[in-house]
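Reading the structure
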Number of protein chains: 2
Amino acid sequence: MRTDLERFFNPRSIAIIGASQDLDTISGQPLKFLKSHGYRGKLYPVNPRYQEVAGVKCYSSIADVPEVPDLVLILVNAARVADILRECGVKGVPYVIIFTSGFSEMGGEGVTLQRQLTHIAQDHGIGVIGPNCQGMINVADSVFAGFGSVFNADYDPGTVSMVSQSGGFGFSVMNLSSKDGGLPFRQVVTTGNEIGISTLDFIDYYIDDPKTEIIVGYIEGLKDAGRLLEVGNRALDAGKPILMWKVGNTEQGQLAARSHTANLGGEMALYKAAFRQSGIIQVEDIQDVVDYGHAFGCGRLPMGNRLAIITISGGAGILMTDECIACGMRIPKLAPETGEKLRSFVPAYGSLLNPVDVTAAIFNNTELIGLTLQTIVDDPNVDCVAMINASLQGELAAKVAAQIVAGASRTDKPVFICWSARDAVAPEAYAALDAARIPRYKSPVRCGRAIAALSWYAEARRRRERQKQEKALVLTSAAARRTLAERTGDVSEYIAKRVLVDYGIPVTREALAERKDEALAIARSIGYPVALKVQSPDISHKTEARAVRVDIASDGELTAAYDEVLANARAYRKGVRIEGVLVQEMAMDGVEAIVGVTNDPLFGPAVMFGLGGVFAEVLKDVSFRLAPVTGSVAREMVEEITGYPLLAGARGRPPADVDALVDAIVRLSALAVDLKDHIGELDINPLFVFAKGKGVKAADALIRPKTGN
Amino acid sequence: MRTDLERFFNPRSIAIIGASQDLDTISGQPLKFLKSHGYRGKLYPVNPRYQEVAGVKCYSSIADVPEVPDLVLILVNAARVADILRECGVKGVPYVIIFTSGFSEMGGEGVTLQRQLTHIAQDHGIGVIGPNCQGMINVADSVFAGFGSVFNADYDPGTVSMVSQSGGFGFSVMNLSSKDGGLPFRQVVTTGNEIGISTLDFIDYYIDDPKTEIIVGYIEGLKDAGRLLEVGNRALDAGKPILMWKVGNTEQGQLAARSHTANLGGEMALYKAAFRQSGIIQVEDIQDVVDYGHAFGCGRLPMGNRLAIITISGGAGILMTDECIACGMRIPKLAPETGEKLRSFVPAYGSLLNPVDVTAAIFNNTELIGLTLQTIVDDPNVDCVAMINASLQGELAAKVAAQIVAGASRTDKPVFICWSARDAVAPEAYAALDAARIPRYKSPVRCGRAIAALSWYAEARRRRERQKQEKALVLTSAAARRTLAERTGDVSEYIAKRVLVDYGIPVTREALAERKDEALAIARSIGYPVALKVQSPDISHKTEARAVRVDIASDGELTAAYDEVLANARAYRKGVRIEGVLVQEMAMDGVEAIVGVTNDPLFGPAVMFGLGGVFAEVLKDVSFRLAPVTGSVAREMVEEITGYPLLAGARGRPPADVDALVDAIVRLSALAVDLKDHIGELDINPLFVFAKGKGVKAADALIRPKTGN
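Residues numbered from 1 in each chain as written. Chains lettered and ligands numbered in written order. Predicted model: local features only at pLDDT ≥ 70, side-chain atom pairs only at ≥ 80, totals over all residues. Heavy atoms only, no water.

**Quick look at the overall build of chain A**
Across its full length, chain A carries 24 helices and 29 strands. The principal-axis extent of the C-alpha atoms belonging to chain A is close to 95 × 80 × 35 Å. Within the span of chain A, comprising 709 residues, buried residues form 61% of the whole. For chain A, the accessible surface area stands at approximately 26,800 Å², while carbon and sulfur atoms represent 49% of it. Taken as two groups, the 75 positive and 83 negative side-chain charges of chain A have centres that lie 2 Å from each other. (Helix = DSSP H or I, 4+ residues; strand = E, 2+ residues; numbered from the N terminus. Buried < 20%, exposed > 50% of the residue type's maximum accessible area, 1.4 Å probe, protein only. Areas by Shrake-Rupley, 256 points an atom, 1.4 Å probe, with all protein chains shown as cover. Lys, Arg positive; Asp, Glu negative; His and termini not counted. Charge placed at Lys NZ, Arg CZ, Asp CG, Glu CD.)

**Observations concerning the side chain of B:Asp224**
All names here are of chain B. Its place among the elements puts Asp 224 in the loop between strand S12 (214-219) and helix H7 (228-238). Side chain to side chain, Asp 224 and Arg 227 meet in a polar contact 2.9 Å long. What Asp 224 contacts, discounting residues up to four positions off in sequence, is Ser 198 and Leu 200. (Polar contact = N/O pair within 3.5 Å; in protein donor to acceptor, adjacent residues only side chain to side chain. Contact = heavy atoms within 4.5 Å.)

**Here's the deal with the relation of the copies chain B and chain A**
When chain B is fitted to chain A, the best match, at an RMSD of 0.1 Å, comes from turning it 180° and sliding it 0.1 Å along the axis. Taken together, the rotation angle and the small translation identify this as a two-fold axis. (Least-squares fit on C-alpha atoms with pLDDT ≥ 70 in both.)

**Comments concerning the nonpolar core**
A:Trp245 and B:Trp245 are the most contacted members of the largest nonpolar core, which totals 112 residues. In this structure A:Trp245 touches A:Phe169, A:Val173, A:Gly217, A:Tyr218, A:Ile219, A:Val283, A:Glu284, A:Asp285, A:Ile286, B:Leu319 and B:Val445, once residues within four positions along its chain are discounted. With 103 residues, the next largest nonpolar core counts A:Ala480, A:Ile641, A:Leu675 and B:Val633 among its residues. (Core = buried A, V, L, I, M, F, W, Y, C linked by side-chain atoms within 4.5 Å.)

**So, the interface of chain B and chain A**
Taken residue by residue, the interface counts 54 residues in chain B and 55 residues in chain A. Together, the buried faces of chain B and chain A total about 4,300 Å²; carbon and sulfur atoms form 65% of this surface. The interface formed by chain B and chain A holds 0 salt bridges in total. Applying the counting criterion to the chain B and chain A interface returns 10 residue pairs in polar contact (both at pLDDT 80 or more). Counting only elements with at least two residues in the side of chain B that touches chain A, the list comes to helix H5 (167-178), helix H11 (314-326), helix H16 (444-469), helix H21 (614-617) and helix H23 (645-648) of chain B. With 7 residues, the top contributor of residues to the side of chain B that touches chain A is H11(B). Partitioning the side of chain B that touches chain A into residue classes produces 25 nonpolar, 19 polar and 10 charged. (Buried area = accessible area lost by both parts, 1.4 Å probe. Salt bridge = Lys/Arg side-chain N within 4 Å of Asp/Glu carboxyl O. Nonpolar A, V, L, I, M, F, W, Y, C, P; charged D, E, K, R; others polar.)

**A look at unusual backbone geometry**
Residues and elements named next belong to chain A. With omega at 5°, the peptide bond leading from Asn 685 into Pro 686 counts as cis. Locating Pro 686 in the fold gives a position in strand S27 (residues 679-689). If you check the backbone angles, Glu 194 has positive phi at about 55° while not being a glycine. Tracing the sequence through the fold places Glu 194 in the loop between strand S11 (185-190) and helix H6 (199-208).

**Overview of the sheet that holds strand S7 (residues 127-129) of chain A**
Residues and elements named next belong to chain A. One open sheet holds the 5 strands; their spatial order is S2-S1-S5-S6-S7, and the pairing between them is parallel. In the strand order of this sheet, the two ends are held by strand S2 (42-46) and S7, each with one partner. Strand-to-strand, the axes of this sheet are offset by a mean angle of 20°, without reference to chain direction. With 3 bridges joining them, strand S6 (residues 95-98) and S7 adopt parallel strand pairing. Looking at the pairing, Ile 97 lines up with Ile 129 of S7. (Pairing = 2+ DSSP bridges. Axes fitted to C-alpha atoms, helices over the stretch in contact; angles between N-to-C directions.)

**Observations regarding the environment of A:Leu71**
Residue and element names in this part refer to chain A. Locating Leu 71 in the fold gives a position in strand S5 (residues 71-74). The class of Leu 71 is buried, set by a relative accessible area of 0%. C-alpha of Leu 71 to C-alpha of Ala 326: the two residues are 255 residues apart in sequence and 48 Å apart in space.

**Observations concerning the packing of helix H7 (residues 228-238) of chain A against helix H16 (residues 444-469) of chain A**
Residue and element names in this part refer to chain A. Running from N to C, H7 and H16 cross one another at 105°; their axes reach a closest spacing of 10 Å. One element, H7, and the other, H16, form an angle in the roughly perpendicular class. Where H7 approaches H16, its residues Asn 233, Ala 235, Leu 236, Asp 237 and Ala 238 are matched on the opposing element by Tyr 457, Ala 460, Arg 461, Arg 464, Glu 465 and Lys 468. Along the lines of polarity and charge, the residues of the contact of H7 with H16 split into 5 nonpolar, 1 polar and 5 charged. (Parallel < 35°, antiparallel > 145°, perpendicular 65-115°, else oblique.)

**Comments concerning the pattern of salt bridges**
Residues and elements named next belong to chain A. What the rule picks out here adds up to 95 salt bridges over all chains. As a salt-bridge pair, Glu 640 and Arg 276 come within 3.8 Å of each other at their nearest N and O atoms. Of the two residues, Glu 640 is situated in helix H22 (residues 631-640) and Arg 276 in helix H9 (residues 267-277); the sequence distance between them amounts to 364 residues. On the accessibility criterion, Glu 640 (38% relative accessible area) is partly exposed. One salt-bridge network, held together by shared partners, links Glu 493, Lys 497, Arg 498, Glu 510, Lys 533, Lys 542 and Asp 700.

**A word on the confidence of the model for chain A**
Residue-level pLDDT values for chain A average 92, and 97% of them are 70 or greater. Segment residues 252-256 of chain A: pLDDT under 50, and 5 contacts once partners within four positions in sequence are set aside and those in other chains are kept. (pLDDT = per-residue confidence, 0-100.)

**Here we look at the pairing of strand S17 (residues 384-388) of chain A**
All names here are of chain A. Most of S17 is tucked away: 5 of the 5 residues are buried. Alternating positions in S17 separate into two faces, Cys 384, Ala 386 and Ile 388 on one and Val 385 and Met 387 on the other, with burial throughout. Here strand S15 (residues 307-311) runs beside S17; their pairing, made up of 5 bridges, is parallel. Paired with Ile 310 across the two strands is Met 387, which belongs to S17. As judged from the 4 bridges shared by S17 and strand S18 (residues 415-418), these two strands associate in the parallel manner. The residue bridging Met 387 from the neighbouring strand is Ile 417, located in S18. Read from S17 through helix H14 (residues 394-409) to S18, the crossover connection turns out right-handed. (Right-handed = clockwise from strand over helix to strand, strands pointing away.)

**Topic: the packing of aromatic side chains**
Residue and element names in this part refer to chain A. Taken as a whole and judged by the stated rule, the model has 44 aromatic pairs over all chains. Aromatic side chains Tyr 44 and Tyr 59 sit 5.7 Å apart centroid to centroid with 70° between the ring planes, which places their arrangement in the edge-to-face category. Placement of Tyr 44 in strand S2 and of Tyr 59 in the loop between strand S4 (56-57) and S5 is noted, with a sequence separation of 15 residues between them. Taken individually, Tyr 44 and Tyr 59 each receive the classification buried, so the pair is uniform in this respect. (Phe/Tyr/Trp six-rings, centres within 6.5 Å; stacked < 30°, edge-to-face > 60°.)

**Quick word on the side chain of A:Glu636**
Residues and elements named next belong to chain A. Position of Glu 636 relative to the elements: it lies in helix H22. Here Glu 636 falls in the buried class, since its relative accessible area comes to 16%. There is a polar contact of 3.0 Å between the side chain of Glu 636 and the side chain of Arg 625. Those residues in contact with Glu 636, other than ones at most four positions away along the chain, are Arg 276, Arg 463, Gln 467 and Arg 625.

**Some points on the environment of B:Ile325**
Residue and element names in this part refer to chain B. Residue position: Ile 325 is located in helix H11. Of the residues examined, Ile 325 reaches a relative accessible area of 37% and is grouped as partly exposed. Sequence separation of Ile 325 and Leu 307 is 18 residues, and the distance between their C-alpha atoms is 9.9 Å.

**Some points on the state of the cysteines**
All names here are of chain A. A complete count under the given rule lists 0 disulfides over all chains for this structure. Left unpaired, Cys 418 is separated from the closest cysteine sulfur, that of Cys 447, by 5.3 Å. We classify Cys 418 as buried; its relative accessible area is 3%. (Disulfide = S-S within 2.5 Å.)

**Describing H22(A)**
For H22(A), every residue scored as buried is listed here: A:Val633, A:Ala634, A:Glu636, A:Met637 and A:Val638. Contacts made by the buried residues of H22(A) are with H9, H16, strand S25 (604-611), strand S26 (622-626), helix H23 (645-648) and helix H24 (658-674) of chain A.

**Here we look at the sheet that holds strand S20 (residues 510-513) of chain B**
All names here are of chain B. Read across the open sheet, the 4 strands follow the order S20-S23-S21-S22; overall the sheet is antiparallel. Because the sheet does not close on itself, it has two edges, and the strands there are S20 and strand S22 (548-552). The mean angle between the axes of side-by-side strands here comes to 20°, regardless of whether they run parallel or antiparallel. Pairing of S20 with strand S23 (residues 580-585), which is carried by 4 bridges, proceeds in the antiparallel orientation. If you follow Ala 513 over to S23, its bridge partner there is Val 581. Along the sheet, helix H19 (residues 516-526) makes contact with S20, strand S21 (530-535) and S23, crossing S20 at roughly 170°. Across the sheet, helix H20 (residues 555-572) lies against S20, S21, S22 and S23, angled at about 165° from S22, the strand it touches most.

**Re the pairing of strand S24 (residues 591-600) of chain B**
All names here are of chain B. Where burial is concerned, most of S24 is hidden: 9 out of the 10 residues are buried. Inspection of the sheet shows S24 paired to strand S27 (residues 679-689) by 7 bridges, in the antiparallel sense. Across the sheet, Thr 598 pairs through a bridge with Glu 681, a residue of S27. Both S24 and strand S25 (residues 604-611) contribute to a ladder of 8 bridges, which runs antiparallel. From the neighbouring strand, Val 595 faces S25, where its bridge partner is Phe 609. Hairpin connection of S24 to S25: 3 residues between the antiparallel strands.

Put into C-alpha cells, the structure is as follows:
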C-alpha cells in the first residue's frame with residue numbers, strides 16, 4: 001500500500017473516469033470544481049462517449065491517457081468499478097479515489113464486489129481512497145477533487161488537516177468550521193469504506209506533514225484500531241494535537257460476552273482508553289472543533305491546570321469557573337503579593353479572589369489592563385489566564401486589545417479572552433487578538449471548555465514523558481501458554497489461578513483434592529474455615545450449580561459438604577467432567593475489586609479495573625486501558641473510578657493496599673500481552689485488596705480461551 | 001410592592017436622576033439611548049447643574065418635575081441614592097431603577113446602605129429594580145432604559161422575554177442570542193441585587209403578558225426561591241416554557257450540616273429539584289438559549305419521546321441518535337407498513353431502519369421528500385421527526401424546503417430540520433422554513449438536544465396533568481409537634497422513631513428500657529438476636545461513643561452488654577443525660593436506603609432518597625424533591641437514581657417493595673410539611689426495603705430540630 005501521500009494531495013495530473021458533460025451531476029462536478037478553483041496540473045477526463053468535456057480533451061479509456069496520472073477519480077457505477085480499477089492497475093496509477101456507492105454499506109452483493117476491489121488494489125499496489133466517499137480538498141494547493149455543494153466555495157488555506165469517514169457530513173464540518181472566524185484548513189479527505197488508505201494512514205501522513213499543525217478526525221469505526229495508540233503517541237511526541245470526533249456511542253453491550261470485563265468493555269470503552277492513553281482530544285460537536293482548534297492555535301501549553309480568571313462581569317466569572325472545574329481545571333488561590341499589587345487599582349467593590357473581578361472601572365485607564373494581566377500572569381500559582389471583557393466595543397475595545405496583546409507577549413503562559421461583543425462592533429480589537437494568536441470566545445462556557453482541552457492535552461504530553469521513563473513489565477510463561485493452548489472451553493478456577501500465579505499475581509491458599517481424605521488433609525493444613533468448589537470445564541457458574549460450599553468450619557462439616565457438592569455437580573449436568581474439588585481458604589477482610597482482560601479483535605488485549613459488588617455491575621464504574629500498562633497508568637486506572645474513595649479509606653475503612661493493586665494490574669497487563677494469542681476474556685472476581693501493606697489476593701478467576709470464541 | 005409591571009416596561013414618562021451631559025458616560029447613556037431608539041413618552045433629565053441635557057429640559061430635582069413619572073432611573077453615586085429614593089417616594093413614583101453599584105455586593109458599609117434603601121422602598125411602596133443593575137430594554141415598545149454597548153444596537157421585536165440578575169452578561173446573552181438567525185426578544189430586564197422586584201416577580205408578569213411566549217431567566221440565586229415551584233407550575237399551566245440559566249454550581253458542601261440529607265442537598269440540588277418539578281428547562285450556554293428558543297417557537301409539542309430520523313447522511317444520523325438517546329429520547333422501530341411504503345422509492349443502498357437513510361438519490365425527485373415525510377409522520381410509533389439535509393444549497397434547496405413545509409403542514413407532530421449549508425447559500429430555503437416555524441439547526445448534535453428539550457417539556461406538562469389528579473397526602477400530629485417543640489438539641493433515635501410512627505412510617509420493633517430487667521423482658525418478647533443502643537440527647541453518634549451493641553443472642557450476652565454500653569456512654573462525655581437503653585430487633589434482609597428531610601431557609605422542606613452504603617455517601621447518587629410530593633413524584637425519585645436496578649432486582653436479588661418505599665417517602669413528605677416549623681434536618685438511615693410485599697422499616701433515625709440550628 002502507498003502511503004507517500006504527498007502525490008495524492010498534490011497530484012501533477014488527474015484522470016476522471018466517467019466524467020460527465022453535465023457539470024452539475026456527481027460525475028460532472030469534480031472536473032468543474034478542479035477547473036474553477038484553478039487546479040494547476042493536467043486534467044484527463046475519460047469517457048468513450050465524448051471528445052471533450054468542459055473544453056478539455058476527453059479519452060476513451062485510461063489506457064489511452066498519454067501519461068500515468070498521479071491520481072484517478074472513478075465515478076462509474078458499481079458494476080463497472082472493478083474493471084476500471086484493474087485498468088488503472090495495469091497502467092500503474094498510484095492513487096485512485098472511488099466515489100461510487102453500492103458496496104459493503106449495502107450488504108449482500110455489495111460486500112462481494114468490495115472484496116473484489118480490495119484484491120485488485122492489493123495485486124496492483126494501488127492506493128485506493130473509498131469507495132463510497134466524496135473525495136478530497138487540498139485548500140493549500142487548490143486541488144478540489146470531489147463533489148458536493150461544499151466544493152462550491154473558497155477557503156482560506158491554513159494549518160488544520162482533516163480526515164473524515166463520512167463524506168457529506170465531513171465536508172459540512174469543514175465548511176461550517178472554516179467560515180466566520182473559524183479554522184483555516186489545509187487538506188481534507190473523506191475515506192468512506194476504506195478498502196485501502198485508512199483514516200490512520202492519513203493521520204500518520206499529517207503528523208509528518210510540516211505544514212499541518214492540528215489534525216482533525218471524524219470516525220465511525222477503525223478497521224485498524226490496533227494502530228491507534230501508536231499513531232496517537234507519535235502525534236503526541238510531534239506536538240500535533242489530534243481532535244477526534246468518534247460517533248456511534250449508543251451501541252448495545254456485547255451480549256455474547258461471558259466475562260464482566262468483556263461485557264463492560266464495549267467498543268467505545270476501548271476507543272476512549274486509546275484516546276486517553278495517547279492524548280487524542282475527543283470532540284463532540286462542530287463548535288468544539290472550532291473552539292479547540294483556536295485554543296491549540298495559540299502555540300502555547302500551560303505547565304499545569306491552574307487557571308486565573310480576570311473578569312469585569314461577576315456572572316461570566318462564575319460561569320467560567322463552573323465549566324472549568326467540571327472539566328478538571330483548578331481555580332487556585334492567588335499569591336498574597338498578587339492581591340497586594342491589584343489592590344492599588346481595583347475598586348473596593350471588585351474582588352481580589354480568583355476569579356478576580358476588576359470591574360468595568362478598569363477601562364477608565366486602559367493601561368491598567370496590561371498591568372493587571374502582567375500581575376496575574378506573574379503569579380506563581382497560575383499556569384494560564386482567561387480574561388473576560390463582556391461586550392466592550394469600538395475604540396475602547398481596540399485600546400484594550402492592544403494592552404492585552406502587549407501583556408500576553410511578555411509571558412509564555414496561555415492567555416485566553418472571552419469577549420461577547422459581536423464581530424461587527426469590535427473588528428479592530430478582534431483582528432489584533434487574532435494576529436497575536438490569542439484565542440477568543442464569545443461565551444465564557446466555551447472559553448472554559450477550550451482552556452480545559454488545552455490543559456488536558458498539556459497534561460497528556462507530560463504524562464507521555466513520564467511514561468517514557470517507565471519500562472513496561474514483560475513476563476512470559478511457557479507453562480501458561482501450554483496450559484491454555486490445550487483448551488477450547490472455559491478454564492476452571494483452579495487452572496486459571498495457576499496461570500495467574502505464573503505471572504506473580506497472588507491467589508488464595510488452596511489445593512485441588514481428588515478424594516475426600518485429600519480434601520480433609522488440605523483443609524487441616526490451610527486451617528478452617530474453608531470453602532469447597534467443584535472444578536469442572538463443564539460448569540462455568542459453580543454457584544448456580546450448587547457446586548460450592550463456603551464457611552466450612554470443621555472436619556465433620558467438610559465430610560458432609562464434600563459429598564454434597566459433588567452430587568450437586570453431577571446432578572447439574574449429565575456426564576459432567578470433574579477435575580476435582582478445590583479446597584480454599586476463606587477470605588477476606590478487604591475491598592473487593594474486579595480486574596480483567598478483554599482481547600478485542602481490533603484493539604488487542606486491554607485491561608479493566610473496577611470495584612466489586614454494585615460498582616462494576618450496576619454502575620459500570622470501571623476503567624480500561626490498552627495493554628501493556630505501566631505502573632503510573634495502572635495507578636490512573638485505580639484513581640479515576642468514582643468508587644476510588646473506598647480504596648483511599650472512605651467510610652471509616654483503613655486505606656487499602658493500592659500499591660499491591662497497581663502491581664497486580666501491571667502483572668495482569670503483562671500476562672495479557674504474553675498470552676494474547678490464547679486468552680479471549682479473563683476475570684479476576686473478586687480480587688481482595690487488603691489494608692495497606694497487606695497485599696491483594698485473587699479469590700476467583702475465569703479464563704475464556706481465544707479459540708473458545 | 002408593585003407588580004403591575006406593564007407601567008414599568010412601557011412607562012408614559014421617565015425621569016433620569018443624575019443625567020450627564022456627556023452622553024458616553026454611564027449616566028449620560030440612558031437618555032442618549034432612549035432618544036436614539038425613539039422612545040415615545042416624556043423624558044425628564046434631573047440634574048441641578050444643567051438647564052438641558054441633549055436638547056431636553058433638565059430639572060434640578062425630582063420634586064420639580066411637572067408630573068409623576070411612571071419610571072425613574074437613578075444614576076447618582078451610592079452615598080446619595082437613599083435621599084433620592086426618598087424624594088421619589090414622596091413624589092409617588094411607582095417604579096425606580098437604581099443602576100448604582102456599591103451596595104451589598106461590596107459587603108460592609110454597602111450592606112447597611114442597601115438595607116436603608118429596602119426600608120425606604122417599603123415605606124413608600126416604590127417598586128425598585130436593582131441596585132447594581134444595567135436597566136431594561138423593551139424592544140417591542142422601543143424603551144431602551146439603561147447603559148452599555150448592547151444598547152447601541154437595534155433588535156427585531158418578538159415573543160421572548162428575559163430577566164437576568166447579571167447586568168453585563170445578561171444583556172450580552174440577549175445581544176448574542178438575538179442576532180444572526182437568533183431569537184426575537186420582547187422585553188429584557190436586569191435586576192442586580194434585587195431589593196425590590198425580583199426575578200420571580202418578572203417571570204410571574206411574563207406568564208400573564210399575552211405577547212410573551214417564551215421566558216428566559218439568568219440567575220445566580222433567588223432570595224424568594226420558595227416561590228419557584230409555584231411560579232414554575234403556573235408557567236407550565238400557561239404553556240409558557242421557562243429557559244433557566246442557573247450559575248454557581250461549584251459550591252462547597254454545607255459543612256455545618258449534620259445529616260446526610262442536608263450534606264447532600266446543597267443549594268443546587270434544590271434548584272434542580274424545583275426545575276424538574278415545575279418543568280423549567282435548564283440551559284447551560286448561550287447557544288442553548290437560541291436552540292431551545294427555536295424549538296419552542298414551533299408551537300408544537302410531541303405526544304411522547306419517540307423520534308424518527310430521516311437522513312441523507314449516515315454519519316449525521318448516527319450523531320443525532322447518540323445525542324437524542326443520551327438526552328432521554330427513544331429512536332423507535334418504525335411500523336412495518338412504513339418500511340413497505342418507503343421501499344418503493346428509497347435506493348437499495350439506503351436504510352429503512354430508524355434512522356432512515358434515504359440517501360441523496362431522493363433529491364432526484366423532490367416530490368419524494370414530501371412523500372417520505374408524510375409516510376414517516378403517519379407512523380403510529382413516531383411522536384416527532386427530524387430530517388437531515390446535509391449541505392444542500394441553491395435552487396434544489398428551495399424546492400426541498402417547499403416540500404418540507406408542505407409535508408409538515410399536514411401534521412401536528414413537531415418536525416425539526418438539520419441543514420448544514422451556510423445561510424448565504426440557501427437563503428430562500430431557510431426563509432421558507434422560518435416562515436413556517438419549522439426549527440432548523442446546522443449541527444445534528446444541537447438539533448438532537450433541542451428536540452430532547454422540547455420532548456422533556458412536553459413530558460413535564462403531561463406529568464403536571466397527572467399530578468393534578470393526585471392528592472398530596474396531608475398528615476398531622478400534635479404529639480409530634482409537642483415532642484419537638486421542647487427540643488433544642490438533636491433528638492435521640494427512640495424519640496425520632498416515635499415521630500416517624502406518628503406519620504405511619506414503619507420502624508423496627510423496639511422498646512426503651514430504664515433497667516436491666518426491663519431490657520431482658522423486652523428482648524425476650526422481641527426474640528433474640530437484639531441490639532442495644534444507649535439513648536441520650538448528648539450523643540448523636542452512638543457508634544463512635546461505643547454506646548451500641550448488636551447481634552446479642554442470649555440473656556447472658558444481654559446482661560453483660562447492657563452494663564458495658566452504659567459505662568461507655570458515661571465515659572464518652574461527662575454528665576451525659578441518659579434516657580434509657582433501646583432494645584431493638586436485629587434487622588434485616590433488605591436493601592438499605594436512606595431517606596431524609598432538609599428544611600432549607602429559602603426553599604422550605606425537601607425530601608431526599610438514596611441507597612445506603614456507598615451510593616449516597618461516596619457516589620452522591622440521590623434524588624431530591626421539594627415537599628409535598630405525591631406518589632408518582634416519590635416513584636420518580638426512586639427510579640431516577642443510578643442504583644435503582646438494585647431495588648428492581650439486580651444481582652440475583654428479589655425485587656424490593658418499591659410500593660412501600662414510595663409510601664414511606666410520601667409520608668415523610670407529609671411529615672416534613674406538617675413539622676416544617678420544627679424540623680431542620682431528618683435522616684432515616686438505614687431504611688430497610690424488604691422484598692416485594694414485605695414492606696419497609698426504619699432501623700435508625702436522627703432529627704435535628706429547626707431551633708437547634
